[in-house]
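Below, each chain spelled out in residue letters.
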Amino acid sequence: MRPPRISLRRLALPVLLLATLAVFGQVVSFDFVDWDDTTLILGNELVKTFSPAIFWIFEPELYAPLSLFTFQIEHALAGFDPTIFHLTNLVLHLINVFLVWKLLHALAKSQILPTGQAGTNRKSQIVLFVAVALFALHPLQSEAVAWASARKELLWTTFALLAILSYLQQSDTRSHDLTTHHSLFTKLRSFLHRHRIWLFTLFALLSKATAVMIPVILLLIDNSHGKLSKQSVKQKWALLTLATTFGLLGLLGKTGGDLSLSLWERIVLMPAQLMFALRLIVWPFRYAVLHPAPLPIELFTSMYGGSFVVVIVFALLLWMMRRRFPLLILGSAIAFLTLFPGLLSPIHANTVTLVTEHYLYFPMIGLSIALIGLASRSQILPTGQVGMNRKSQIVLFVIFALLVPLSLRTFRQVAVWHDTVSLFESVQKSYPRSAPVLTNLGAAYARSEMYPEAESVLRQAIGLDPNLAQAHYNLGGLRYVRGDYMGAIASEKRVIELQPNHADAWRILTWSYYRSGDLTNASDAYDTTIHLRPAFRDQLPTL
């Protein structure tokens, strides 16, 4: 009697969810990190109450009221206990893994597999398993899941996936009549059912402005199904108008910093950003919250000029394969479009960066789609057979053998987000001569009362970039805490030379003069501080 055959389709999703939980479950024991968490969550007065002001402000640049609303709920339930904030991120990632599983199966059923084979073709199920695992377990996802402030990335992905799945299922549910009964509940249910795509898109846009790409993704799906027409565009007019409105709203929140790039520099930088993102996906090492871009940004260099050429060649290859591999093209287009808004914002912590890792969270879905499109149409995993040849078995063994170390690598990468010190010590290993990285590490050491280490790395940061105001500010704050008021005065005066309206520097300068007994200069600094930020009045000495 033959033993019963294991159903890969039934086991695959539970195995993926359990593996995801095993890799990312550690986040519930993590602390907040001083990388937006202190300002966006801990220091955000709007999080402490259910204030409706979240719907007409930016945080600090992005319009994401629904993300702030989730913080409000968590604070109401558990205060600023980091466990609940990290638990929410973990749950959202698990939900997204489930939704990606549903999405890839829906796309595979509609485009890749012959009718009736979606559930029985063992090789195709393996391809789908690997594609979802790429999204669920790749080390790149660590930042989005382990960082509490990356909530908006997870949340907009959830609602975007619900909108796309609803769109794919629309034809199957269109015939359902939900208005045969005329109760208020039935009418409400009917309204929500008919407008669910619009509502999910709205919720995604309220979570993060990158959701403006949802209507474009739906048009790309129409094109891959051969259904793109004037009528299909017209049907999405309301969605396109909604997305455009939120896109313009998002632009209003953008504020200029001390560092800026010309349009030409941004154009030259973008191919290098794409290539660097691809490198992080293919070679899962040297992850960091900051990836400083080599300066100056000039086209006729091996870094930027070479990336420009490679991207053009890669785009031409995709164009040549568009008929044979439609899902490869669809997935690649989705990945690029959802990464594009992030590429337009390359400046973080007053540093020009190549890529920000949590921006790649949704684009990884596009790459998973591209993977099933490429693998299912290749000769390595033929979709028309039930059995496997030896070559296929070897390839599958290699794939699964790679998933194990990849998951272990992700587990280690997630662990660096345990606290601020571990986070920036990890970044320092990748970029030991980055002044912004050393500045943040110094601040982390200071908050952990590791004062000698803090002063050492802050001096290194200033040595690398004497005009980095944040490094001088952090050093001044450290000197003040240690009782070196004259040293604090010197550091904060340097900050003010670089940024005359730096209210926090004026505040520390006021206290430093006051503690050193120089009441005349303390009074002058006091007046300037109150002028710049009246709310600081209660945080200053009485003069």
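Since the structure is predicted, the reported quantities are computational estimates derived from the model, not experimental observations. (Residues numbered from 1 in each chain as written. Predicted model: local features only at pLDDT ≥ 70, side-chain atom pairs only at ≥ 80, totals over all residues. Heavy atoms only, no water.)

Structural notes on the overall build of the chain
(1) Moving on: Scanning the chain from N- to C-terminus turns up 24 helices and 2 strands.
(2) Moving on: Buried residues in the chain amount to 51% of all 543 residues.
(3) Moving on: Contacts spanning at least 24 positions in sequence make up 74% of the contacts within the chain whose residues lie at least 6 apart.
(4) Moving on: If you sum the accessible surface of the chain, you get close to 26200 Å²; carbon and sulfur atoms cover 64% of it. (Helix = DSSP H or I, 4+ residues; strand = E, 2+ residues; numbered from the N terminus. Buried < 20%, exposed > 50% of the residue type's maximum accessible area, 1.4 Å probe, protein only. Contact = heavy atoms within 4.5 Å. Areas by Shrake-Rupley, 256 points an atom, 1.4 Å probe, with all protein chains shown as cover.)

Here's the deal with the layout of surface pockets
(1) Moving on: In this model, the second largest pocket occupies a volume close to 1400 Å³.
(2) Moving on: As for the second largest pocket, its lining consists of 42 residues, of which L278, I281, F314, S332 and L367 are closest to the centre.
(3) Moving on: For the lining of the second largest pocket, the secondary-structure elements that each account for two or more residues are α5 (122-137), α13 (263-282), α14 (302-320), α15 (326-343), α16 (363-376) and α17 (390-415).
(4) Moving on: In terms of residues, the lining of the second largest pocket owes the most to one element, α14, which gives 9 residues.
(5) Moving on: Taken together, the residues of the lining of the second largest pocket break down into 39 nonpolar, 2 polar and 1 charged. (1 Å grid on protein atoms, 1.4 Å probe; cavity = no way out; pocket = protein on both sides within 12 Å on 5 of 7 lines; lining within 4 Å. Points joined across faces, edges and corners; volume = space filled by probe spheres on them. Nonpolar A, V, L, I, M, F, W, Y, C, P; charged D, E, K, R; others polar.)

Topic: helix α20 (residues 451-464)
(1) Moving on: For α20, spanning 14 residues, the distance from its first C-alpha to its last is 20 Å, which sits close to the expected 20 Å at 1.5 Å a residue.
(2) Moving on: Residues A454, E455, V457, L458, A461 and I462 constitute the buried set of α20.
(3) Moving on: Looking at the buried positions of α20, the neighbouring elements they touch are α19 (435-447) and α21 (469-481). (Expected span 1.5 Å × (residues − 1).)

Focus on the packing of aromatic side chains
(1) Moving on: Taken as a whole and judged by the stated rule, the model has 13 aromatic pairs.
(2) Moving on: Consider the rings of F336 and F340, whose centres lie 5.7 Å apart with planes at 50 degrees: the pair is tilted. Placement of both F336 and F340 in helix α15 is noted, with a separation of 4 residues, approximately one turn of the helix.
(3) Moving on: The exposure class of F336 is partly exposed, given its relative accessible area of 34%.
(4) Moving on: For the ring pair W511 and Y514, a centre distance of 5.7 Å and an interplane angle of 90 degrees mean the geometry is edge-to-face. With W511 and Y514 both in helix α23 (residues 503-516), this residue pair falls 3 residues apart, about one helical turn.
(5) Moving on: Members of the aromatic cluster, each reached through a chain of ring pairs, are F32, F71 and F85.
(6) Moving on: Over the ring of Y431 we find R286; its NZ or CZ atom is 4.5 Å from the centre of that ring.
(7) Moving on: Against the face of F536 rests R507, its NZ or CZ located 5.1 Å from the ring centre. (Phe/Tyr/Trp six-rings, centres within 6.5 Å; stacked < 30°, edge-to-face > 60°. Lys NZ or Arg CZ within 6 Å of the ring centre and 35° of its normal.)

Here's the deal with the pattern of salt bridges
(1) Moving on: All told, the structure shown has 10 salt bridges when counted by the stated rule.
(2) Moving on: In this structure, the salt-bridge partner of E455 is R459, at a minimum N-O distance of 3.2 Å. With a gap of 4 residues between them, E455 and R459 both fall in helix α20, about one helical turn apart.
(3) Moving on: Its salt-bridge partner being D504, residue R533 comes within 3.8 Å of it at the nearest N-O pair. With a gap of 29 residues between them, R533 in the segment after α24 (519-532) and D504 in helix α23 connect regions that are remote in the sequence.
(4) Moving on: Judged by its relative accessible area of 22%, D504 is partly exposed.
(5) Moving on: Linked by salt bridges that have partners in common, E455, R459 and R482 make up one network. (Salt bridge = Lys/Arg side-chain N within 4 Å of Asp/Glu carboxyl O.)

Remarks on the packing of helix α10 (residues 214-224) against α15
(1) Moving on: The geometry of α10 relative to α15 is characterised by a closest axis approach of 10 Å and an angle of 170 degrees between their N-to-C directions. Overall, the two elements α10 and α15 adopt an arrangement that is roughly antiparallel. Crossing of α10 against α15: the hand is right-handed. Between α10 and α15, the residues in contact are V216, I217, L220, I221 and S224 and L330, A333, I334, L337 and T338, respectively.
(2) Moving on: Taken together, the residues of the contact of α10 with α15 sort by class into 8 nonpolar, 2 polar and no charged. (Axes fitted to C-alpha atoms, helices over the stretch in contact; angles between N-to-C directions. Parallel < 35°, antiparallel > 145°, perpendicular 65-115°, else oblique. Left-handed = near helix turned anticlockwise from the far one by under 90°.)

Points about helix α22 (residues 485-498)
(1) Moving on: Between its first and last C-alpha atoms α22 spans 20 Å; for 14 residues at 1.5 Å apiece the expected length is 20 Å, and the two agree.
(2) Moving on: Those residues of α22 that fall on the buried side of the exposure criterion are G487, A488, I489, S491, E492, V495 and I496.
(3) Moving on: The inward-facing, buried residues of α22 abut α21 and α23.

Structural notes on the confidence of the model for the chain
(1) Moving on: Confidence in the prediction of the chain, expressed as mean pLDDT, is 86, and 86% of residues score 70 or more.
(2) Moving on: Least confident of the elements in the chain is helix α8 (residues 184-194), whose mean pLDDT is 67; most confident is helix α6 (residues 142-146), at 97.
(3) Moving on: Considering only residues more than four positions removed or in separate chains, one finds that residues 112-120, a stretch of pLDDT under 50, has 14 contacts. (pLDDT = per-residue confidence, 0-100.)

Some words on empty space enclosed by the protein
(1) Moving on: A complete count under the given rule lists 3 cavities of 30 Å³ or more for this structure.
(2) Moving on: A volume near 40 Å³ is recorded for the largest cavity.
(3) Moving on: Lining the largest cavity, in full, are L103, L107, I164, I217, I221, I334, F362, I365 and I369.
(4) Moving on: Of all elements in the fold, only α4 (82-112), α10 and α16 reach the threshold of two or more residues within the lining of the largest cavity.
(5) Moving on: Residue composition of the lining of the largest cavity, by class: 9 nonpolar, no polar and no charged.

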